[in-house]
Amino acid sequence: MEKYVQSSVFVLILKAPNEDADLPDPYIEHLEKANIPSKFIPTLQFRFKNLDVILEYLNNPENYAGIVFNSPRCVRAVIESLKNEHLKHEWKSMKCFVVGEATAKLAKNELDLNYEGQSSGNLAALLQNISQYNFEKPLLMPVSNLHKNSDTNVTLRKIVAYETYEHEQLESLLRNAIQPELTNILVFFSPSGVKSTLRYMPLSTNKKFKFVAIGPTTAEEMKRNGIEVHGVCKKPNPESLIELISELCSKNNETVAEILP
């Protein structure tokens, strides 16, 4: 007879909502398949801006060597700026650099752009790869209002494409999600998400909380806020997160839900 071992951990996915609200969050999906109890907490909200300026830039591809997308929302801003227009065909023969598989998928499916760099993991690593090219013209790069300049020799034409602000229900959603009888593993996905969420979190050495970062940039922001980083995902994807959670559980003698023979 099979025996069910209940999990002693609860995972909170602290990130911005999916671009497509009708699709389930991939991290929650993978955690459920791995029998790890979890909950999605939206940390941020967005609104697009400068769409008319972006459209003007897009209508003059001869001024650029290509385009850089740091997130799916940057791609979405370009889509929104086009409205019912088609992206000029010249862009399709130009370089398109992206961070992450989700960004790459959206750039290909919605704009029909051939991309590279999706496995870079973060913008700093992507720009390091781009620096190997000798472009005579700048790369167009839509960014968030929270974007910080990177130390790079790559010439970029940046345009703020969207504004980021705290989700209006973040405090109540977070407080209601915490499971006091379990070890809560909080997974942060962005520096801005860290800043928003930590206003409502007790930053003590309580063993009931473990803090995890999806990547090194987010981990640095956590450290700057005095938080012990218990782990950083090797790659920004669900598989790496589950691997990290399993390692943390093994190290701390925690259990995830499983069925034993």
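Values in this document were obtained by computation on a predicted structure and should not be read as measured data.

**Student:** Report on the side chain of T43, specifying residues and quantitative values.
**Tutor:** One can find T43 in the loop between β3 (38-42) and β4 (44-48). Judged by relative accessible area, T43 falls into the buried class, the value being 1%. Beyond its immediate sequence surroundings of up to four residues, T43 is in contact with L14, K15, A16, Y165, E166, H167, L170, G193, S196 and T197.

**Student:** Describe the pairing of strand β6 (residues 95-98), and please don't skip the residues or the numbers.
**Tutor:** Examined bridge by bridge, strand β5 (residues 66-69) and β6 share 4 bridges and lie parallel to one another. By the bridge assignment, G66 is partnered in β6 with K95. Handedness of the crossover joining β5 and β6 through helix α3 (residues 72-82) is recorded here as right-handed.

**Student:** Please give an account of helix α7 (residues 191-198) that cites residues and values.
**Tutor:** Most of α7 is tucked away: 6 of the 8 residues are buried. Where α7 is concerned, the buried positions are S192, G193, V194, S196, T197 and L198. The elements touched by buried residues of α7 are β2 (9-15), β4, β8 (156-166), α6 (170-177), β9 (183-188) and α8 (216-224).

**Student:** Can you break down helix α9 (residues 238-251) residue by residue, with the values?
**Tutor:** Taking 1.5 Å per residue, 14 residues should reach 20 Å; α9 reaches 20 Å between its end C-alpha atoms and fits that length. Within the span of α9, buried status applies to P238, S240, L241, I242, L244, I245, L248 and C249. Buried-residue contacts for α9 involve β2, α1 (26-33), β9, β10 (209-213) and β11 (231-232).

**Student:** Could you give an account of the environment of D112, naming the residues involved and the relevant values?
**Tutor:** With respect to the helices and strands, D112 occurs in the loop between α4 (101-111) and α5 (123-130). Note: C-alpha distance between D112 and K92 (20 residues apart in sequence) is 7.1 Å. With residues near it in sequence (within four places) discarded, D112 still touches K92 and A107.

**Student:** I'd love a proper account of unusual backbone geometry, names of residues and values included.
**Tutor:** Not every positive phi belongs to a glycine, and N35 is a case in point at roughly 60°. Here N35 lies in the loop between α1 and β3. Backbone geometry places D112, a non-glycine residue, at a positive phi of 55°.

**Student:** Can you break down the sheet that holds β5 residue by residue, with the values?
**Tutor:** Here we have 5 strands laid out as an open sheet, ordered β4-β8-β7-β5-β6, and mixed in their pairing. Both edges of this open sheet fall to β4 and β6, since each of them pairs with a single strand only. If you compare each strand with its neighbour and ignore which way they point, the axes differ by 25° on average. Relative to β8, β4 runs antiparallel, the two being bridged by 5 bridges. Each bridged residue has a counterpart across the sheet, and for R47 the counterpart in β8 is E163. Contacts between α4 and the sheet are confined to β5 and β6, with β6 contributing the most and set at about 140° to the helix.

**Student:** Before we move on, could you go through the packing of α1 against α9 and cite the residues and values that matter?
**Tutor:** Describing two packed helices takes the angle between their axes plus the distance from one axis to the other. Across the interface, α1 lies against α9 with an axial gap of 9 Å and an inter-helix angle of 50°. Between α1 and α9, the crossing angle belongs to the class labelled oblique. Viewed along their axes, α1 and α9 form a crossing whose handedness is right-handed. On α9, the residues that touch P26, Y27, H30 and L31 of α1 are P238, E239, L241, I242 and I245. Split by residue class, the contact of α1 with α9 holds 7 nonpolar, 1 polar and 1 charged.

**Student:** Account for the pairing of β2, naming residues and giving values.
**Tutor:** With 7 of 7 residues buried, β2 lies mostly within the body of the structure. By the alternation rule, side chains of β2 split into V9, V11, I13 and K15 and F10, L12 and L14, which are all buried. Summarising the sheet, β2 and β9 pair through 6 bridges and their orientation is parallel. When the sheet's bridge partners are listed, I13 is paired in β9 with V187. Bridge count for β2 against β3 is 5 bridges, and the pairing is parallel. Paired with L12 across the two strands is K39, which belongs to β3.

The rules we used
- Residue positions are counted from 1 within each chain, in the order its sequence is given.
- The model is predicted, so local features are restricted to residues of pLDDT at least 70 and side-chain atom pairs to those at 80 or more, both for listing and for counting; the totals for chains, interfaces and linings are taken over all residues.
- Side-chain descriptors were evaluated using all non-hydrogen atoms of the structure, hydrogens and water having been removed beforehand.
- Every helix listed is a DSSP run of H or I at least four residues long, and every strand listed is a run of E at least two residues long, numbered separately from the N terminus.
- Using a 1.4 Å probe on the protein chains alone, a residue whose accessible area is under 20% of its type maximum counts as buried, one over 50% counts as exposed, and one in between counts as partly exposed.
- The contact definition used throughout considers only heavy atoms, calling two residues in contact when any of these lie within 4.5 Å.
- Any two strands with at least two DSSP-identified bridges between them are counted as paired.
- Classification remark: right-handed applies to a crossover when, strands pointing away from the viewer, the course from the first strand over the helix to the second runs clockwise.
- In this analysis, the expected span of each helix is defined as 1.5 Å times one less than the number of residues it contains.
- The convention used is that axes are lines fitted to C-alpha atoms, helices contributing only their stretch in contact, and that angles between N-to-C directions extend from 0 to 180 degrees.
- Here the word oblique covers every angle except those under 35 degrees (roughly parallel), over 145 (roughly antiparallel) and from 65 to 115 (roughly perpendicular).
- In this scheme the handedness of a crossing depends on how the near helix is turned from the far one: anticlockwise by less than a right angle means left-handed, clockwise means right-handed.
- Polarity classes work like this: nonpolar for Ala, Val, Leu, Ile, Met, Phe, Trp, Tyr, Cys and Pro, charged for Asp, Glu, Lys and Arg, and polar for all others, with Gly in that last group.

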